[in-house]
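Below, each chain spelled out in residue letters.
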Amino acid sequence: MNAPMDLRSRPALFASARACGKVILVGEHAVVHGQPALAAGLAGALELTATRTADANAPVRVTIPAWDLDVELRGDLEHPVARACSEVLAHCDGPLTGWHVTGTATIPARAGLGSSAALTVALARLVLGEQADRDEVIAASMVGERVFHGEPSGVDSAVAATGGVLRFVRGQAPEPIRVAAPLQLVVVPSEVPRSTADQVARVRRNVERWPTIARPMLDAIGAATDAFQDLLARGAHERMGELMDFAHHLLAALGVSSPILDELCHLARASGAAGAKLTGAGGGGCIIALPASDPAPVLAAFRARGLAPIVVEVQPC
Ligand code: PMV
């Protein structure tokens, strides 16, 4: 490991920094309770650029037009994004004044595609550099993720910093996993916002009230995750849809789906997907669908519903 650098000797920001977004393939929510999750990085999700402002005492400003975000890191910090950003900068001993940070994003915000982790990872890299130790970057990102989500498992920060496909178990080092063949998924934003913290709290409440019912569901999601990993390693895509359906229905039973997410999964299956599930915290955000072959009919069905599906490719790393 590199010798730790003196963070206080870095008053400035680097010119630019990047981070991945993510889709959780399977294992969300169960991962908060100790089960494994598989997450795939979405490369090119966010690039931040830093420029000095004329007034060196002006608070750092963060502007990401694609997310309708324009905040100043002032003292009151009512805005959770402003608070998270300023805590990440403070954690890294970065500057809190004299800089304007602008971002180009290719993923939507607050949709379960890892926008907050992408922001906090890229911000940490603006202070620490693109070559900074990954664990150091992830630790800084988690400081911001706690502001957003209260009790993050860390999967989003790990994949935002690493990319590829990771198996993540809370408290353990993320493990890059084998993907035998590229896997095409259709990601469909429901355009319904939701709060990860509320969704995580909902599952926790169910687990505390009904442990003998809810815990076996979390265990079953963990088993689906292991089976999915095995299929990914063998390139056996045809059975993955069944596992995605299991995972979606288990998440619904734990209380984190919604009528719109159930409807979108149903539409995906009816238009030729081998399986579909919510991805991320649920309650809104996105679903992912696995096209049985050609994604075109699945895309067409969602476009006809007025939505904006995107195709992402999960790559061997
Ligand atoms: O914030 P989202 O939608 O990417 O969801 C994060 C995944 C959860 O498992 C629900 C929470 C966590 O911290 O792992």
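Data block above holds the structure.
So, a few notes on the structure that sits alongside this text. (Residues numbered from 1 in each chain as written. Predicted model: local features only at pLDDT ≥ 70, side-chain atom pairs only at ≥ 80, totals over all residues. Heavy atoms only, no water.)

Here we look at the pairing of strand β3 (residues 61–64)
Item 1. Taken together, the four bridges between β3 and strand β4 (residues 69–72) define a ladder with antiparallel strand orientation. Residue pairing in the sheet places T63 in a bridge with D70 of β4.
Item 2. Between β3 and the antiparallel strand that follows it, β4, lie four residues; D68 among them carries a positive phi value of about 50°.
Item 3. Relative to strand β5 (residues 99–105), β3 is paired through three bridges, and the arrangement is parallel. From the neighbouring strand, R61 faces β5, where its bridge partner is H100. (Pairing = 2+ DSSP bridges. Helix = DSSP H or I, 4+ residues; strand = E, 2+ residues; numbered from the N terminus.)

Re the site of the ligand
Item 1. For the ligand, the set of nearby residues contains 16 residues, the closest of which are K22, S153, R194, T196 and A281.
Item 2. Within the side chain of S153, one N or O atom sits 2.5 Å away from an oxygen atom of the ligand.
Item 3. Within the side chain of T196, an N or O atom sits 2.6 Å from an oxygen atom of the ligand.
Item 4. Coverage of the ligand by the protein amounts to 96% of the 380 Å² it exposes when considered alone.
Item 5. Broken down by secondary-structure element, the contributors of at least two residues to the shell around the ligand are β1 (16–26), α4 (155–162) and α5 (196–209).
Item 6. In terms of residue class, the shell around the ligand is built from seven nonpolar, five polar and four charged. (Near = heavy atom within 4 Å. Polar contact = N/O pair within 3.5 Å; in protein donor to acceptor, adjacent residues only side chain to side chain. Areas by Shrake-Rupley, 256 points an atom, 1.4 Å probe, with all protein chains shown as cover. Nonpolar A, V, L, I, M, F, W, Y, C, P; charged D, E, K, R; others polar.)

Digging into the packing of α5 against helix α6 (residues 211–234)
Item 1. One way to put it is that α5 packs onto α6 with a least axis distance of 6 Å and a crossing angle of 125°. By the angle between their axes, α5 is oblique relative to α6. Only P211, A214, R215 and L218 of α6 make contact with α5, whose side of the interface consists of V203, N206, V207, E208 and R209.
Item 2. Of the residues in the contact of α5 with α6, the class split is five nonpolar, one polar and three charged. (Axes fitted to C-alpha atoms, helices over the stretch in contact; angles between N-to-C directions. Parallel < 35°, antiparallel > 145°, perpendicular 65-115°, else oblique. Contact = heavy atoms within 4.5 Å.)

Digging into helix α1 (residues 80–91)
Item 1. Compared with the 16 Å implied by 1.5 Å per residue over twelve residues, the 16 Å span of α1 between its first and last C-alpha is a close match.
Item 2. Among the residues making up α1, those that are buried are V81, A82, A84, C85, S86, V88 and L89.
Item 3. Where α1 is buried, its residues contact β3, β4, α2 (115–128) and α3 (134–149).
Item 4. Just past α1, the residue D93 takes up positive phi, approximately 55°. (Expected span 1.5 Å × (residues − 1). Buried < 20%, exposed > 50% of the residue type's maximum accessible area, 1.4 Å probe, protein only.)

Description of the side chain of K277
Item 1. Looking at the secondary structure, you find K277 in strand β9 (residues 273–279).
Item 2. A residue is classified by how much of its surface remains accessible, and K277, at 0% relative accessible area, is buried.

Description of the nonpolar core
Item 1. In terms of nonpolar packing, the biggest core is built from 81 residues, with L25 and L232 touching the most fellow members.
Item 2. In terms of residue count, the dominant contributor to this core is α2 (ten residues).
Item 3. Setting aside anything within four residues of it in sequence, one finds L232 in contact with L25, L38, V165, I177, R178, V179, A180, L183 and M240.
Item 4. V188, I221, L250 and C265 belong to the second largest nonpolar core, which has 26 residues in total. (Core = buried A, V, L, I, M, F, W, Y, C linked by side-chain atoms within 4.5 Å.)

Notes on unusual backbone geometry
Item 1. The backbone of H29 shows a phi angle near 70°, a positive value even though the residue is not glycine.
Item 2. Relative to the helices and strands, H29 resides in the loop between β1 and β2 (37–52).
Item 3. The phi angle at E191 is positive, at roughly 70°, despite the residue not being glycine.

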